[in-house]
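Chain and residue survey
Next come the chains, spelled out residue by residue.
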Amino acid sequence: MTTVALEVSEGVGTIRLDRPPMNALDIAIQDRLRELAEEAARRDDVRAVILYGGEKVFAAGADIKEMQAMDHAAMVVRSRALQDSFTAVARIPKPVVAAVTGYALGGGCELALCADFRIAADNAKLGQPEILLGLIPGAGGTQRLSRLIGPSKAKDLIFTGRIVKADEALALGLVDRVVPAAEVYEQARAWAAQLAKGPALALRAAKESIDAGLETDIETGLAIERNWFAGLFATEDRERGMRSFVEEGPGKAKFL
């Protein structure tokens, strides 16, 4: 039974993991994550997304028992599907926030890395402990973590497999905000709800310009930005936003 679902309310879609006790990310959940990420990307009624594992744990990693039964040939095939599932989350062309409670380890940490913003509980613990299994992160951790916090800090976490508490994760830049555990989802929803009211195409343009620009040189990045910037002048949201600014002042435009 697949235990991950997309719940939509007032423009915010919550991709909710629910596989007690630790939300282990087995193959069924990985594949369903890709499907739900693609659905969230398509749906007009989803304007921002929350990744959430519930009040106790975000996701403690892959299903190790399932992986133990796989040999090299099987993982050669599976590793691409694993990465594709997480990449689908990272490529949702809408604002995505991870609401991190409890453990976010291994694949769980890699899933949080796919978000644009991470809000963590004050009791959260994050890390990439794959090295302790004789492995390395395989769902994007070596790439997304190093891009987020820098290569030397990423190497420290990946080489040692050590787990960091919320305060150190904040200092490293691994998470963006630390709040009391009882407030994690509420604050993630407030962040998502605010952006869900914004101009959808401009938000998509901003996200894709930043993400694509980080993967290339500055001149190519500027070209990506320039094309998106000019293209937005063809949108109704741009007309509405500028008209509201001229007539009412800044920050009063309504885009829904």
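Calculation criteria
Residues numbered from 1 in each chain as written. Predicted model: local features only at pLDDT ≥ 70, side-chain atom pairs only at ≥ 80, totals over all residues. Heavy atoms only, no water. Helix = DSSP H or I, 4+ residues; strand = E, 2+ residues; numbered from the N terminus. Rg over C-alpha atoms; globule rule 2.2 N^0.38 Å. Buried < 20%, exposed > 50% of the residue type's maximum accessible area, 1.4 Å probe, protein only. Contact = heavy atoms within 4.5 Å. Pairing = 2+ DSSP bridges. Core = buried A, V, L, I, M, F, W, Y, C linked by side-chain atoms within 4.5 Å. Salt bridge = Lys/Arg side-chain N within 4 Å of Asp/Glu carboxyl O. Axes fitted to C-alpha atoms, helices over the stretch in contact; angles between N-to-C directions. Parallel < 35°, antiparallel > 145°, perpendicular 65-115°, else oblique. Left-handed = near helix turned anticlockwise from the far one by under 90°. Nonpolar A, V, L, I, M, F, W, Y, C, P; charged D, E, K, R; others polar.

Along the protein, the regular secondary structure elements total 11 helices and 9 strands. By the compact-globule yardstick of 18 Å for 256 residues, the protein fits well, its C-alpha radius of gyration being 19 Å. Per-residue burial for the protein yields a buried fraction of 43% across its 256 residues. Considering only intrachain contacts with a sequence separation of at least 6, the fraction spanning at least 24 residues in the protein is 69%.

All right, on to the pairing of strand 4 (residues 96-100) then. For strand 4, the buried fraction is high: 5 of the 5 residues fall into the buried class. Residues Val96, Ala98 and Val100 of strand 4 are buried on one face, and the alternating residues Val97 and Ala99, pointing to the opposite face, are buried as well. Here 4 bridges tie strand 3 (residues 48-52) to strand 4, and the two strands are oriented parallel to one another. Counterpart to Val49 in the pairing with strand 4 is Val96.

Here Asp237 shows up in helix 11 (residues 236-248). The contacts of Asp237, once residues within four sequence positions are left out, are Pro199, Ala200, Leu201 and Phe255.

Within the largest apolar cluster, 61 residues are counted, with the highest numbers of intra-cluster contacts made by Ile15, Leu51, Phe58, Val100, Leu126 and Leu174. Those residues in contact with Leu174 that lie beyond four places of it in its chain are Cys109, Leu113, Arg118, Leu126, Leu145, Leu148, Ile149, Leu157, Val164 and Ala169.

On to the pattern of salt bridges, then. For the coordinates displayed, the defined rule picks out 16 salt bridges. In this structure, Asp31 and Arg78 form a salt bridge, with 2.8 Å as the shortest nitrogen-oxygen distance. Of this pair, Asp31 sits in helix 1 (residues 27-42) while Arg78 sits in helix 3 (residues 72-90), and the two are 47 residues apart along the sequence. Overall, Asp31 belongs to the partly exposed group, its relative accessible area being 24%. Arg240 is paired through a salt bridge with Glu236; the nearest N and O atoms lie 2.5 Å apart.

To continue, consider the packing of helix 5 (residues 141-149) against helix 6 (residues 151-160). At their nearest, the axes of helix 5 and helix 6 sit 7 Å apart, and the two run at 135° to each other. Compared by their axis directions, helix 5 and helix 6 come out oblique. Regarding helix 5 and helix 6, the two cross each other, and that crossing is right-handed. Between helix 5 and helix 6, the residues in contact are Gly141, Thr142, Leu145, Ser146 and Ile149 and Pro151, Lys153, Ala154, Leu157 and Ile158, respectively. Residue classes in the contact of helix 5 with helix 6 are distributed as 6 nonpolar, 3 polar and 1 charged.

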